[in-house]
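# Survey of secondary and tertiary structure
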Number of protein chains: 4
Amino acid sequence: MKAYIQRKIDEFQAENKNKARLLISCPDKPGIVAAVSKFLFGKGANIIESNQYSMNPEGGEFFIRIEFECPNLLERQSEIKEDFRQIAEAFSMEWKLMFVAETKKVAIFVSKEQHCLLELLWEWQSGDLMADIALVISNHEDAREFVESLDIPFYHIPANKDIRKQVEEQQLQLLNQYGVDFVILARYMQILTPDFVAELPNRIINIHHSFLPAFVGAKPYERAYNRGVKLIGATSHYVTNDLDEGPIIEQDISRVDHRDDVAKLKKIGQSIERSVLAKAVKWHLEDRVIVHENKTIVF
Amino acid sequence: MKAYIQRKIDEFQAENKNKARLLISCPDKPGIVAAVSKFLFGKGANIIESNQYSMNPEGGEFFIRIEFECPNLLERQSEIKEDFRQIAEAFSMEWKLMFVAETKKVAIFVSKEQHCLLELLWEWQSGDLMADIALVISNHEDAREFVESLDIPFYHIPANKDIRKQVEEQQLQLLNQYGVDFVILARYMQILTPDFVAELPNRIINIHHSFLPAFVGAKPYERAYNRGVKLIGATSHYVTNDLDEGPIIEQDISRVDHRDDVAKLKKIGQSIERSVLAKAVKWHLEDRVIVHENKTIVF
Amino acid sequence: MKAYIQRKIDEFQAENKNKARLLISCPDKPGIVAAVSKFLFGKGANIIESNQYSMNPEGGEFFIRIEFECPNLLERQSEIKEDFRQIAEAFSMEWKLMFVAETKKVAIFVSKEQHCLLELLWEWQSGDLMADIALVISNHEDAREFVESLDIPFYHIPANKDIRKQVEEQQLQLLNQYGVDFVILARYMQILTPDFVAELPNRIINIHHSFLPAFVGAKPYERAYNRGVKLIGATSHYVTNDLDEGPIIEQDISRVDHRDDVAKLKKIGQSIERSVLAKAVKWHLEDRVIVHENKTIVF
Amino acid sequence: MKAYIQRKIDEFQAENKNKARLLISCPDKPGIVAAVSKFLFGKGANIIESNQYSMNPEGGEFFIRIEFECPNLLERQSEIKEDFRQIAEAFSMEWKLMFVAETKKVAIFVSKEQHCLLELLWEWQSGDLMADIALVISNHEDAREFVESLDIPFYHIPANKDIRKQVEEQQLQLLNQYGVDFVILARYMQILTPDFVAELPNRIINIHHSFLPAFVGAKPYERAYNRGVKLIGATSHYVTNDLDEGPIIEQDISRVDHRDDVAKLKKIGQSIERSVLAKAVKWHLEDRVIVHENKTIVF
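The shown structure was predicted, so the numbers you read here are calculated from the model rather than taken from an experiment.

### Quick notes on the interface of chain A and chain D
At the junction of the two partners, chain A supplies 8 residues and chain D supplies 8 residues. Between chain A and chain D, roughly 850 Å² of surface is buried when both sides are summed, and carbon and sulfur atoms account for 51% of that area. The largest per-residue losses of area from chain A upon contact with chain D belong to A:Trp122, A:Lys267 and A:Arg274, which jointly make up 57% of the total buried on that side. If you look at where chain A meets chain D, you find 4 salt bridges.

### So, the pairing of strand E6 (residues 132–138) of chain B
Residues and elements named next belong to chain B. Extensive coverage of E6 is indicated by the burial of 7 of its 7 residues. Note that the unit made of strand E5 (residues 105–110), helix H4 (residues 115–125) and E6 has a crossover that is right-handed. Strand direction decides the pairing type here: E6 and strand E7 (residues 154–156), joined by 3 bridges, are parallel. When the bridges of E7 are listed, valine 136 appears paired with phenylalanine 154. You can see the chain leave E6, run along helix H5 (residues 144–149) and come back into E7, and the turn it takes is right-handed.

### Focus: the packing of helix H4 (residues 115–125) of chain A against helix H4 (residues 115–125) of chain D
Each pair of packed helices gets described by two things: the angle between the helix axes and the distance between those axes. Contact geometry for H4(A) and H4(D): axes closest at 13 Å, N-to-C directions at 160°. Overall, the two elements H4(A) and H4(D) adopt an arrangement that is roughly antiparallel. The chirality of how H4(A) crosses H4(D) is right-handed. Across the interface between the two elements, A:His115, A:Leu118, A:Glu119 and A:Trp122 from H4(A) touch D:His115, D:Leu118, D:Glu119 and D:Trp122 from H4(D). Among the residues making up the contact of H4(A) with H4(D), the classes are represented as 4 nonpolar, 2 polar and 2 charged.

### Some remarks on the domain arrangement of chain A
Residues and elements named next belong to chain A. Looking at the assigned domains, one finds that chain A contains domain 1 (17–99) and domain 2 (105–298). Computed over C-alpha atoms only, the centres of domain 1 and domain 2 are separated by 31 Å. Counting residues at the interface gives 13 residues for domain 1, matched by 8 residues for domain 2. Taking both partners together, domain 1 and domain 2 bury about 830 Å²; carbon and sulfur atoms supply 57% of that area. Connecting domain 1 to domain 2 are 2 salt bridges. Its salt-bridge partner being arginine 21, residue aspartate 287 comes within 3.0 Å of it at the nearest N-O pair.

### A few points about the environment of C:Ser254
Residues and elements named next belong to chain C. In this fold, serine 254 is placed in strand E11 (residues 248–255). Sequence separation between serine 254 and isoleucine 48 is 206 residues; the distance between their C-alpha atoms is 35 Å. If sequence neighbours within four positions are ignored, serine 254 has contacts with Lys230, Leu231, Ile232, Ile268 and Ile272.

### So, the pattern of salt bridges
Scanning the model with the defined rule gives 104 salt bridges over all chains in all. Here B:Lys43 makes a salt bridge to B:Asp83, at a shortest N to O gap of 2.4 Å. Taken together, the residues B:Lys43 in the loop between helix H2 (32–42) and strand E2 (46–54) and B:Asp83 in helix H3 (residues 77–90) connect sequence positions 40 residues apart. Judged by its relative accessible area of 15%, B:Lys43 falls in the buried class. Each of the salt bridges in this network shares a partner with another, and the network as a whole consists of A:Arg21, A:Arg65, A:Glu67, A:Lys104 and A:Asp287.

### As for the environment of C:Gln86
Residue and element names in this part refer to chain C. Its place among the elements puts glutamine 86 in helix H3 (residues 77–90). Taking the relative accessible area as the measure of exposure, glutamine 86 reaches 66% and is therefore exposed. Separated by 157 residues in the primary sequence, glutamine 86 and leucine 243 have C-alpha atoms spaced 39 Å apart.

### Focus on the packing of aromatic side chains
Inspection of every chain in the model, using the stated rule, returns 31 aromatic pairs over all chains. Note on C:Tyr155 and C:Tyr178: the rings are 6.0 Å apart at their centroids and 70° apart in plane angle, and the pair reads as edge-to-face. Of the two residues, C:Tyr155 is situated in strand E7 (residues 154–156) and C:Tyr178 in the loop between helix H6 (164–177) and strand E8 (182–185); the sequence distance between them amounts to 23 residues. We classify C:Tyr155 as partly exposed; its relative accessible area is 25%. Following the ring pairs from residue to residue traces out a cluster consisting of A:Phe211, A:Phe215, B:Phe211 and B:Phe215. The lysine or arginine in question, C:Arg274, covers the ring of B:Trp122, its NZ or CZ lying 4.1 Å from the ring centre.

### Description of the relation of the copies chain A and chain B
Relating one copy of the chain to the other requires a rotation about an axis plus a shift along that axis. When chain A is brought onto chain B, the operation consists of a screw motion whose angular component is 180° and whose axial shift is 0.0 Å, with 0.0 Å RMSD remaining. Both chain copies can therefore be described as sitting about a two-fold axis. Across chain A, the rotation axis passes nearest the C-alpha of A:Ala214, at a separation of 2.2 Å. Here 100% of the interface residues in chain A have copies in chain B that are interface residues too; the copies meet face to matching face.

### Some remarks on the interface of chain A and chain B
At the interface, 31 residues of chain A touch 31 residues of chain B. With both sides pooled, the region where chain A packs onto chain B buries about 2,800 Å², and carbon together with sulfur makes up 53% of that total. A:Arg227 serves as the salt-bridge partner of B:Glu245, at 3.6 Å between the closest nitrogen and oxygen. For the interface between chain A and chain B, the tally reads 22 residue pairs in polar contact (both at pLDDT 80 or more). Contributing elements (two or more residues each) for the side of chain A that touches chain B: helix H8 (220–227), strand E11 (248–255) and strand E13 (295–298) of chain A. Ranked by the residues each element gives to the side of chain A that touches chain B, the list is headed by E11(A), at 7 residues.

### Quick notes on the UniProt feature "active site" (unreviewed entry) in chain A
UniProt's entry tags A:Asp244 with the feature "active site" (unreviewed entry), counted in the numbering of this structure. Within the element layout of this structure, A:Asp244 appears in the loop between strand E10 (231–238) and E11. Every residue in contact with A:Asp244, bar those within four places of it in the chain, is listed here: A:Asn206, A:His208, A:Leu212, A:Val216, A:Gly217, A:His237 and B:Arg227. A polar side-chain atom of A:Asp244 sits 2.8 Å from the main-chain amide nitrogen of A:Gly217.

What counts and how
- Residues numbered from 1 in each chain as written.
- Chains lettered and ligands numbered in written order.
- Predicted model: local features only at pLDDT ≥ 70, side-chain atom pairs only at ≥ 80, totals over all residues.
- Heavy atoms only, no water.
- Contact = heavy atoms within 4.5 Å.
- Buried area = accessible area lost by both parts, 1.4 Å probe.
- Salt bridge = Lys/Arg side-chain N within 4 Å of Asp/Glu carboxyl O.
- Buried < 20%, exposed > 50% of the residue type's maximum accessible area, 1.4 Å probe, protein only.
- Helix = DSSP H or I, 4+ residues; strand = E, 2+ residues; numbered from the N terminus.
- Right-handed = clockwise from strand over helix to strand, strands pointing away.
- Pairing = 2+ DSSP bridges.
- Axes fitted to C-alpha atoms, helices over the stretch in contact; angles between N-to-C directions.
- Parallel < 35°, antiparallel > 145°, perpendicular 65-115°, else oblique.
- Left-handed = near helix turned anticlockwise from the far one by under 90°.
- Nonpolar A, V, L, I, M, F, W, Y, C, P; charged D, E, K, R; others polar.
- Domains from an automatic or database assignment.
- Phe/Tyr/Trp six-rings, centres within 6.5 Å; stacked < 30°, edge-to-face > 60°.
- Lys NZ or Arg CZ within 6 Å of the ring centre and 35° of its normal.
- Least-squares fit on C-alpha atoms with pLDDT ≥ 70 in both.
- Polar contact = N/O pair within 3.5 Å; in protein donor to acceptor, adjacent residues only side chain to side chain.
- UniProt positions renumbered as here; feature names shortened; annotations may be inferred.

So, in structure tokens, the structure goes:
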């Protein structure tokens, strides 16, 4: 990695060495917040940000995300995790404790169109997307020069539906080798098999070039043009086995009119795709997204 | 009609007695604008606003809308129409000449939810929706009091799928009786038969409570909630025989999040529905919409 | 008040009889959330919604809004308030406990333009603005008919800068007589004196017809037109003694272009004013707004 | 210039060798459109796009932009210009005839912050900003590496208010040397003198980091934060001698809230600045902007 990016990451890790994020889902009942906040207070932690949501105040699901600061956090990781287990069990919680200084490792998959990849790399260079971009995998060579100019490993793995199995094996091996936490499909135009998806549940983020559920599947801009819509959009979602049906993280749209032909729609759309994907990735990196029954809660 | 609304309409007609709008579609070729503008100049007309669009500069379809002012227009209506016929034939034009002072007669159909009806009546009372609201037809009684308080005739025609034919006969008879130019479905929750639609081609405006083509059909807010979308929308379109598939006039959306349950989505959506329908109706009243192959050009 | 509106209010009060909102501002330090949530848990309360914000995580100001449900709340009002005082003192809190069933009493002030008043009354009739509209005061007669048709008392108090003192005395007497909690200036085009403002600190909500701080003062649409802006807006804020300088609650804009003359800007602007004021008023009614040093935190 | 960019420009010029744009401002009177369209028809031209605007239908100013295609255009440039002069005189027109294949030469000025420069260079590399970027001038060295990697000449001219005269002389000499048509200030944080501005009337495009006229001058994000606005924005305008008072080409905004500190506002703002400046530059390159009395008409 380029020295100046490494420096930004080092600074970030130093600044955030005492910060963590606690994400909890559990059945709603009185006393959850009291128990968790008492626990954190007992550990000497100060709550920086806290968001919660009760899906149905009387007897539904409860979700909370707490970002806190705690002295000597990195040395006390296992102690805190261990001690929290008791509360978690009492309230039947599903929970995760993420340490901010442990920047996530990500692989970016891309095909020919590079605007989404470029946006991510740009945000990354300017220090606004705090991840460790471990590698880029593409079924085309186009992105190699730019990716390698940033000292990021680039792998060209040609792909088509006949060799899907071998391709995915190669990809998974690389993800393993680099210790990747999650994958971004930055306009990667190959369908993933259920086996691949099962390896990374809610850890593959895709950008689809329509405001889902409109125009599921191929060629959304052509179909938007033919339908004569007055808005086009983009959707970022976690990948599941149902094509374009995974939990939506973010969507946005732009206004178009009768003068915009398909080429113009694509151009306008690229700008939405870039910003929607970048937002979704940042929220994922900041542990702001909880998936619940094919929907997301974004705190 | 209430006296103060009648006064606004009278004023509008007096102010616009010399104004007309010419709408043309024809195969594109050089000389169209030259011929039309020479014709209008020859009639002493001044062009106030002109918009044009070539679908495909080399040999596609050409569309133009010209709003002009011409002395003594109302007395010269048939002369101008007659003389323009020659140009129209030379260029194989489909065309309409609309006189602004001839305000359109409209019927509004509504069911139980009244927010769209109220928005239209409000805009109408304030003089911003310059139409002659001839009557309101509903399959419920709810709107009667408010409609009649404005001295607009209200007809309650109960409807369901078993009596559709009789209901539509009654409705068509009323439309005839009042000399209605077009119909607004302001959340009218009954399906219209092909026979009814055929009577009013591109002259029935509907508001659908989703950003089409997402959530075609019933219960779009419930389905938007279940899909976990981050945007909800509304679409105004001309009615054709394919449910929710007619030419789109206008769409808009609003941002929502995980906290918004179905009731909240409906509430947020009502506000979009109101403004989207009002815009579409105004554009139709100002003869700004040309339909071409299931799409609209909005000038 | 009309019977059907009274019925909606009665229903609302019955449904919410056990709900309250606790708003707190205090210096940030560890343990606040733990103490408050333990207190509420001890009272048998269930937290429905909770939002917090630390202005500066290390030693700044801390803000929290908690909406909770508590059995037999209305009988236990003074007990809960009394018991909370201890915690409040320990953390040097400024705090308010609002009982949802106690709907706020509001007076609306209006001049000639009625679009904002109409929007509020419409939202109110449909049950989406849960307040007790005690009276409407205007320096013109225009709104009387519609206001009185809803059985809301209407007072015509002519006003100009020479008789400001007497006018405000009359107004304050009416506010007292009706036990008004806060005032909405729904395009009331008279300047209020410091004495009047002092009577209702952060309890007068104004709508200004520009995106402040652009176009402070008179005739913003004319000035927007002359400046050639591509966006116009509206701003809702609490009134202070500095004209148009009070804490901003909500703002929004709409796109305009060179074809829009002043009349068109006003028309487009009215729609923004309506929605911005309605949002601000709802947030105030739901106790979502905390004022801190001439800014608002909107939870 | 990099070979692949040169190739895109060559292709663009070949595709557009017969295209031109005619921009006209003149006093409104009947017959203008008839005369101009007859003239173009006589030259064998086909109108591709036409937009017009009458500032005041009865006796105001009239503006029109016509994009047309004409066989053998480049050989007939002077003939067409010569012959049009007669019509121009008859209607007292101010006019420009721009040949699309003659791509404009531009200089970009930048200081330390590079996001706007990067956006422009990116759009340029992808062929969406069809200009000849002749050189980049900066009062800092930061951008050198990236600019030179694209084979664009980079000039570092340190600047401060004491040496403004010499600096501008150097800059003007470079603009002359490279035959520059217009200048983009892509976050160039030095004030230009009236002499410099006078050399390039309506040919210097600036991006200001606020929705003007709010926050004219320095540190708009800090002031936006202090004022507690709920929207921040950016404005692209032509530079005149009145600081931040020149004709506005484009503006946009983004929603912010109490949690966004100054650093966050700047980050959100960068994204608006990038897109607003890119839009304004594209419209300028496509000859879509007419300046009239400190306002723009954007066709």
